[in-house]
Amino acid sequence: MISGKILRDAIISGANNINNQRSRVDELNVFPVPDGDTGTNMGMTVGASVAELNALDDNCTVGEAAKTAASAMLRGARGNSGLLFRGFSKALEGKKEADTADIIAALKKGVEGAYKAVMKPTEGTILTVARVASEEAAACGAQEIPALWDVVMAAGQKALDDTPNLLPVLKKAGVVDAGGQGIMVIFEGMGKV
């Protein structure tokens, strides 16, 4: 089980991690437009939640932490990365704590919402990375959150490594998808908590 405080701190850690590595993610940015701002945009989106999360009491619920983060991310959104957290938040609504089944449901709902929100979902992007991580998490049978998150990280990394095989523009540039790398950086930061 994770508490609201743990989720709050995990999202803050994810925001810090993407902000610390945004230049590295920016350098990968060739799709859909090679404008070199994916890491910066993701950092700004997730970072928009930090002040509001820091203002939450240590006794906050998982539902409160998720809703606060998603709401702030959507208001501060640059690009689509905040969409994953909106669905994630909806699945945790009203929950005091979250177990592995809750986290799996939240990941699934986040992915579903992100696919629906994008007019033309493209495989080989952040969508693929998040979807594969979510599917593997659902199939793994982990009973503890750290073990579940290890599966999320391994499956997400495998999907990220495959993005050049799904998008020829990535293969031609010799890079993985910037958004996929960004979400993995965020997930890595979250996992440290």
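Described below are features of the structure shown in this document. Residue indices begin from 1 for each chain and proceed along its sequence in written order. The predicted nature of this model means local features are confined to residues of pLDDT at least 70 and side-chain atom pairs, given and counted, to a pLDDT of 80 or more, with totals for whole chains, interfaces and linings taken over all residues. Here the side-chain values reflect all heavy atoms present in the structure, with hydrogen atoms and water set aside.

For the rest of this paragraph, the subject is the nonpolar core. To define a nonpolar core, start from buried Ala, Val, Leu, Ile, Met, Phe, Trp, Tyr and Cys residues and group those joined through side-chain atoms within 4.5 Å. Burial classification: accessible surface area is computed with a 1.4 Å probe over protein chains only, and a residue below 20% of its type maximum counts as buried, one above 50% as exposed, and the rest as partly exposed. Membership of the largest hydrophobic core comes to 58 residues, with the highest contact counts inside it found for Leu7, Ile103, Ile183 and Met190. Other than its neighbours up to four places away in sequence, Met190 contacts Leu7, Ala10, Ile11, Ser13, Gly14, Phe85 and Trp149. Any pair of residues with heavy atoms lying within 4.5 Å of one another is described as a contacting pair.

Turning our eyes to something else, we now look at the packing of aromatic side chains. Between rings of Phe, Tyr and Trp, where Trp is taken as its six-membered ring, a pair exists when centres lie within 6.5 Å; planes separated by under 30 degrees are stacked, by over 60 edge-to-face, and by other angles tilted. Scanning the entire structure with this criterion turns up two aromatic pairs. With 5.3 Å between their ring centres and 70 degrees between their planes, Trp149 and Phe187 make a pair best called edge-to-face. Taken together, the residues Trp149 in helix H9 (residues 145-166) and Phe187 in helix H11 (residues 178-191) connect sequence positions 38 residues apart. Put simply, DSSP marks the helices as runs of H or I at least four residues long and the strands as runs of E at least two long, and each gets a number from the N terminus on.

What follows deals with the side chain of Thr38. Looking at where Thr38 falls in the secondary structure, it is placed in helix H3 (residues 38-47). Using a relative accessible area of 16% as the deciding quantity, one classes Thr38 as buried. Here a polar contact is recorded for every N or O atom pair within 3.5 Å, except that within protein the pair must consist of a potential hydrogen donor and a potential acceptor, and residues adjacent in sequence are included only if both atoms are side-chain atoms. Engagement of the side chain of Thr38 in a polar contact is seen with the side chain of Asn29, the distance being 3.1 Å. When neighbours within four sequence positions are excluded, Thr38 is seen to be in contact with Val25, Asp26, Asn29, Ala178 and Gly179.

All right, on to the pattern of salt bridges then. Any carboxyl oxygen of Asp or Glu that lies within 4 Å of a side-chain nitrogen of Lys or Arg is treated as forming a salt bridge with it. Inspection of every chain in the model, using the stated rule, returns eight salt bridges. Where Arg8 meets Asp9, a salt bridge forms, and the shortest distance between an N and an O atom there is 2.9 Å. Residue classification places Arg8 among the buried positions, given a relative accessible area of 7%. Taken together, the salt bridges that share partners define one network made up of Lys5, Arg8, Asp9 and Asp58.

For the rest of this paragraph, the subject is the environment of Val25. Mapped onto the elements of the fold, Val25 is located in helix H2 (residues 22-26). Separated by 153 residues in the primary sequence, Val25 and Ala178 have C-alpha atoms spaced 5.5 Å apart. Sequence-distant contacts of Val25, defined by excluding residues within four places in its chain, comprise Ile18, Thr38, Gly39, Ala178, Gln181, Gly182 and Val185.

Turning next to the environment of Ile2. The residue Ile2 is located in the segment before helix H1 (4-20) in this model. Overall, Ile2 belongs to the buried group, its relative accessible area being 11%. In this structure, the C-alpha to C-alpha distance between Ile2 and Ala77, residues 75 residues apart in sequence, is 26 Å. Apart from residues lying up to four places away in sequence, Ile2 is in contact with Leu7, Val62, Glu97, Ala98, Ile103 and Ile145.

The next subject is helix H8 (residues 126-140). Expected span of a helix: the number of residues minus one, times 1.5 Å. For H8, spanning 15 residues, the distance from its first C-alpha to its last is 21 Å, which sits close to the expected 21 Å at 1.5 Å a residue. Buried residues in H8 make contact with H3, helix H6 (82-92), helix H7 (100-117), H9 and H11. Positive backbone phi, at 75 degrees, marks Gly141, one or two positions downstream of H8.

Read these as layout, nothing more, since geometry by itself doesn't imply function.
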